[in-house]
2 protein chains.
Amino acid sequence: MQTSTNTPTTSQLDPRARFCRALASSVTETTPPIDRPPVWLMRQAGRYLPEYRELRGRHSFWEMVRTPELACEVTLQPLRRYALDAAILFSDILIVPDALGLDVEYAAGGPRIRPLLRTPRDVSNLLRVDAERDFAYVRQALELLRRELPRQLDGDRGLIGFAGAPFTLTAYMLQGGPSKNVDEVKALALNHPELYGALAERVADTVADLLALQVEAGVDAVQIFDTWAGHLSPEDYERLAAPWTSRVIERLHDRATRRVPVIHYLRNCAGHLEAAAATGCDGLSVDTSIRIKEARRRLPNNMFLQGNLDPAILRGPLEEIGPAVTGLISAAGSERLIVNLGQGLTPETPPEGVAALVEAVTHYRQC
Amino acid sequence: MQTSTNTPTTSQLDPRARFCRALASSVTETTPPIDRPPVWLMRQAGRYLPEYRELRGRHSFWEMVRTPELACEVTLQPLRRYALDAAILFSDILIVPDALGLDVEYAAGGPRIRPLLRTPRDVSNLLRVDAERDFAYVRQALELLRRELPRQLDGDRGLIGFAGAPFTLTAYMLQGGPSKNVDEVKALALNHPELYGALAERVADTVADLLALQVEAGVDAVQIFDTWAGHLSPEDYERLAAPWTSRVIERLHDRATRRVPVIHYLRNCAGHLEAAAATGCDGLSVDTSIRIKEARRRLPNNMFLQGNLDPAILRGPLEEIGPAVTGLISAAGSERLIVNLGQGLTPETPPEGVAALVEAVTHYRQC
């Protein structure tokens, strides 16, 4: 018997195994070998793809999110084009305020959420969410994906569930929509801390239940998106955002029967890196506000990192994409790294740019 | 003769002296003693003041900017209410694209700049700016202020000139207005580097000439606002923004007959702190993305810091403002510090909040 057969083979890892191994370092004792870092892209299913726009032309956004077959189809679209190692459920962070009984409308200027919550009574009047009932469409879409990923594609893929972080969702609900900053939320939190706390708690518990349901449905990892927390000062981040994300992660691990890695995304993370890492997540999805090497230096050694290519490079000369990818992997190291963008793909991105990025990762070989 | 008469007295510093001493550390060898940190606030003249809205109701924004008597009056308004140590000229960063011949309109959704520049020829067709002629109204307003500040107020005040940084102005001109990110600018810089470079150079040289004129008109310091550079990755900041700011500062010091301290403001500075400090500025105006103590730790010891209170606290309970101010000064140290906000005052700010902030600084005594 040759010794080489005792070594796990890394040359033909299927994409799902590659994805799971890259995230495993924080959960298991030893880091399993990996051939190259896995790659997926935030908003990889979306408007930059003609096949998405075609489907979107025939269905409303809510129809696509709530119909398991449509959500599954949209999730698969980018994986038919590109050798991505993981799929992320096509859904939206605003399914949480929707389940809580608010009216969520997708308009041209961004989503609009009504009615505005202004008293603790408004919060206690929100609907009680039963995740199995109210997010049944999420479970069904994920179960469908778990079956269809290996069936429709060449090799199984990682499957990622997600939800918005309590701060970002609470901010959306208090503001009634997006905002260029979170001044209104900060003012409400200062003047009506009981309103802020009551709402954040309701949101956090609903988010945890949603993520637990996703774990039960078979995802390999979950990502918590705190898109707006980067507008907060470090003090406010530690007061208004981080404790609620910690609560989500704690409750998720209490409820779910399997332990899956938690990826935590924070936009404008440069000033909040250590505090975001301390929420109990297993790895951070890092935006472009910081060099990935600097993030590595500041974070615990066993955390994985995800990120942090600038989506703008996908709109520039194609020949500059490969060097950017190689530069990222050399800077971050190829272990405990998931190649991704610093923020979501924009509708203006040319599909060839995405192809060049994914190809650069799949062709990556360590020197 | 008593020894105490040999020590410079700090108990009755006039506001202008206090302001200038706080900034002097980087320019002079010794740090002169100071009784307390000076305070001024970004956008201290503006819509949160009823007397501003009253004047604005009778004049267009451009009229107010271009009429020295009106600009002087608006600049003085907050100083009549609050014991601020410095005045900042009421003006706008978009006077530079205006002087370059573009049409700048102030609309409800933000300024609109036309025509859009898309070729190097568009850039070479921009008007040649003669600062003395085209910014004569700036010089006149500053000269008027230099006279009126000690005449109308109790004790002279510091006087600050300002301009937009080349990156922020170039971004405005390429986008034609504000944007929630700078994706278009990054895409243009990647695909048309010659357009980006030509425009940034024209802008940088015009900004330097404008600042030199402000120095000649008697300001005690200038501030360069790079509001949008914080949307860039550290790599792009060092490529697209920092070199042009350096060019401005170098050219300013070449042209101006007096050496005044340069304050550099960067929004979302947490990831760019060292690079921003290396542009040749004398001090950084720090936004809320980072703790001021952390900024002190990372920056050269002789730099002054300005900032970084969150304007949101001015909308919360008044009794929490004093402790926030004291906390800032203890964290930053009272030397080489100018108390300010992390970003501009918003129209929603109650004037009593501003009063409480300024009072907390003026009553500050070192323990």
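Data block above holds the structure.
Scope of this entry: the structure provided in the associated data block. As the structure is a prediction and not an experimental result, all values here were calculated from the model.

This paragraph deals with the state of the cysteines. Cysteine pairs can be linked by a disulfide, which is a covalent bond between their two sulfur atoms. With the rule as written, the count across this model stands at 0 disulfides over all chains. C269(B) carries a free sulfur, and the closest cysteine sulfur to it, the one in C281(B), is 11 Å from it.

What follows covers the pairing of strand β6 (residues 262-266) of chain B. Residues and elements named next belong to chain B. Judged by how many residues are buried, β6 sits mostly within the fold: 5 of 5 residues are covered. Covered by surrounding structure in β6 are V262, H264 and L266 together with I263 and Y265, the residues of both alternating faces. Sheet analysis places strand β5 (residues 221-226) next to β6, joined by 5 bridges and oriented parallel. Counted as the bridge partner of F225 is Y265 from β6. Tracing the backbone out of β5, into helix α12 (residues 234-255) and back to the parallel element β6 gives a crossover that is right-handed. The pairing of β6 with strand β7 (residues 283-286) spans 4 bridges and is classified as parallel. Note on β7: the bridge partner recorded for Y265 is S285.

Our focus in this paragraph is the interface of chain A and chain B. How big an interface is tends to be stated in terms of accessible area lost as the parts join. Residue-level contacts link 28 residues of chain A with 28 residues of chain B. For the chain A and chain B pair, buried surface summed over both sides reaches about 2,400 Å², with 44% attributable to carbon and sulfur atoms. Per-residue buried area on chain A facing chain B is highest for L190(A), R291(A) and R315(A); these three make up 24% of the total on that side. Applying the counting rule to chain A against chain B returns 8 salt bridges.

Let us now look at the environment of S334(A). All names here are of chain A. The topology assignment puts S334 in the loop between α15 (321-332) and β9 (337-341). Look at S334 and you get buried, because its relative accessible area is 6%. A C-alpha to C-alpha distance of 9.6 Å links S334 and R365, two positions 31 residues apart in sequence.

Residues and elements named next belong to chain A. With respect to the helices and strands, the residue V325 is situated in helix α15. Linking V325 and E359, residues 34 residues apart in sequence, is a C-alpha distance of 9.7 Å. For V325, the residues in contact, after removing those within four places along its chain, are L309, L357, A360 and V361.

All names here are of chain B. Ordered by their spatial adjacency, 7 strands build an open sheet running β1-β4-β5-β6-β7-β8-β9, and the pairing between neighbours is parallel. Every other strand in the sheet has two partners, leaving β1 (86-88) and β9 (337-341) as the edge strands with one partner each. Strand-to-strand twist in this sheet, taken as the mean axis angle between neighbours without regard to direction, amounts to 25°. In this sheet, strand β4 (residues 158-164) lies alongside β1 in parallel orientation, the contact comprising 3 bridges. Across the sheet, the residue bridging to A87 is L159, located in β4. Against the sheet, helix α1 (residues 15-24) touches β1, β4, β5, β6, β8 (304-309) and β9, its axis set at about 105° to β9. Of the strands in this sheet, β8 and β9 are in contact with helix α15 (residues 321-332), which crosses β8 at around 150°.

Residues and elements named next belong to chain A. The 7 strands lie next to each other as β1-β4-β5-β6-β7-β8-β9, forming an open sheet whose pairing is parallel. Looking at the sheet topology across the chains shown, the edges are occupied by β1 (86-88) and β9. Taken pair by pair, the neighbouring strands of this sheet meet at an average axis angle of 25°, ignoring direction.

Our focus in this paragraph is the packing of aromatic side chains. Applying the stated criterion across every chain yields a total of 14 aromatic pairs over all chains. Put simply, the rings of Y52(A), F61(A), W62(A), F90(A) and Y106(A) touch in pairs and so form one group of aromatic residues. Its guanidinium or amino end placed over the ring of Y137(B), R66(B) lies 5.8 Å from that ring's centre, counting from NZ or CZ.

Take unusual backbone geometry next. For the bond running from R114(A) to P115(A), omega is -5°, close enough to zero to count as cis. Assignment of secondary structure puts P115(A) in the loop between β3 (110-114) and α6 (120-124). For R43(B), which is not glycine, the phi dihedral falls at a positive 60°. With respect to the secondary-structure elements, R43(B) resides in the loop between α1 and α2 (50-58). A positive phi angle, close to 50°, is found at R336(B), a residue other than glycine. Summarising the element assignment, R336(B) is placed in the loop between α15 and β9. On the basis of relative accessibility, which here comes to 18%, the residue R336(B) falls in the buried class.

Parameters at a glance
- Residues numbered from 1 in each chain as written.
- Chains lettered and ligands numbered in written order.
- Predicted model: local features only at pLDDT ≥ 70, side-chain atom pairs only at ≥ 80, totals over all residues.
- Heavy atoms only, no water.
- Disulfide = S-S within 2.5 Å.
- Buried < 20%, exposed > 50% of the residue type's maximum accessible area, 1.4 Å probe, protein only.
- Helix = DSSP H or I, 4+ residues; strand = E, 2+ residues; numbered from the N terminus.
- Pairing = 2+ DSSP bridges.
- Right-handed = clockwise from strand over helix to strand, strands pointing away.
- Contact = heavy atoms within 4.5 Å.
- Buried area = accessible area lost by both parts, 1.4 Å probe.
- Salt bridge = Lys/Arg side-chain N within 4 Å of Asp/Glu carboxyl O.
- Axes fitted to C-alpha atoms, helices over the stretch in contact; angles between N-to-C directions.
- Phe/Tyr/Trp six-rings, centres within 6.5 Å; stacked < 30°, edge-to-face > 60°.
- Lys NZ or Arg CZ within 6 Å of the ring centre and 35° of its normal.

Bear in mind that shape data such as this cannot, by itself, settle questions of function.
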